[in-house]
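# Residue-level structural notes
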Amino acid sequence: MSGSENQEEYGTAQLNHRGRLTIPKALRDDLNLEDGTEFRVVREGGDIRLVRELPDLETVTRDEEWGSEAFRDAGDSTFGGR
């Protein structure tokens, strides 16, 4: 995956004896990753990608008209800053 325009480095990670890999804290913070976040593991040749599984969006209805503050922070909280 070298040469990707959106590529940022967050240091290194090391696989432990139990096969566990720790995602660097700065990356977890930047992507709002929390305990229990699920990923698909994808092999691309000799590279491994972790693809975050985003929850399905739900449709919310309300009898009244939405106020201007209703979607104030919807982008970051709903889409994790994507």
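Check the entry above for the structure.
### Section: the overall build of the protein chain
In terms of regular secondary structure, the protein chain is built from two helices and two strands. Put simply, the protein chain has 82 residues, and 6% of those count as buried. Restricting the contact set of the protein chain to residue pairs at least 6 apart, pairs at least 24 apart contribute 17%. Taken as a whole, the protein chain presents about 8,000 Å² of accessible surface, with 44% of it coming from carbon and sulfur.

### A closer look at the pattern of salt bridges
Taken as a whole and judged by the stated rule, the model has three salt bridges. One salt bridge connects Asp 29 with Lys 25, and the closest N-O pair in it is separated by 3.0 Å. Here the residue Asp 29 and the residue Lys 25 both occupy positions in helix H1 (residues 25–30), the gap between them amounting to four residues, near one helical turn. In this structure, the salt-bridge partner of Glu 53 is Arg 40, at a minimum N-O distance of 2.7 Å.

### Some points on the pairing of strand E2 (residues 47–52)
The pairing of strand E1 (residues 39–44) with E2 spans six bridges and is classified as antiparallel. Within the sheet, the bridge partner assigned to Arg 40 lies in E2 and is Val 51. Between E1 and E2, which pair antiparallel and follow one another directly, the connecting turn spans two residues, one of which, Gly 45, has a positive phi of 65°.

### Some words on unusual backbone geometry
Phi is positive for Asn 32, close to 55°, though the residue is something other than glycine. On the basis of relative accessibility, which here comes to 45%, the residue Asn 32 falls in the partly exposed class.

### Some remarks on a nonpolar patch on the surface
Taken together, the side chains of Leu 15, Leu 21, Val 41, Ile 48 and Leu 50 make up a nonpolar region of the molecular surface, amounting to roughly 540 Å² of accessible area. Here Val 41 shows up in strand E1.

### Considering the environment of Leu 54
Mapped onto the secondary structure, Leu 54 falls in the loop between E2 and helix H2 (74–79). C-alpha separation for the pair Leu 54 and Thr 37, spaced 17 residues apart in sequence, amounts to 8.6 Å.

Calculation notes
Residues numbered from 1 in each chain as written. Predicted model: local features only at pLDDT ≥ 70, side-chain atom pairs only at ≥ 80, totals over all residues. Heavy atoms only, no water. Helix = DSSP H or I, 4+ residues; strand = E, 2+ residues; numbered from the N terminus. Buried < 20%, exposed > 50% of the residue type's maximum accessible area, 1.4 Å probe, protein only. Contact = heavy atoms within 4.5 Å. Areas by Shrake-Rupley, 256 points an atom, 1.4 Å probe, with all protein chains shown as cover. Salt bridge = Lys/Arg side-chain N within 4 Å of Asp/Glu carboxyl O. Pairing = 2+ DSSP bridges. Patch = residues over 30% accessible without salt bridge, like charges linked within 9 Å, V, L, I, M, F, W, Y side chains within 5 Å.

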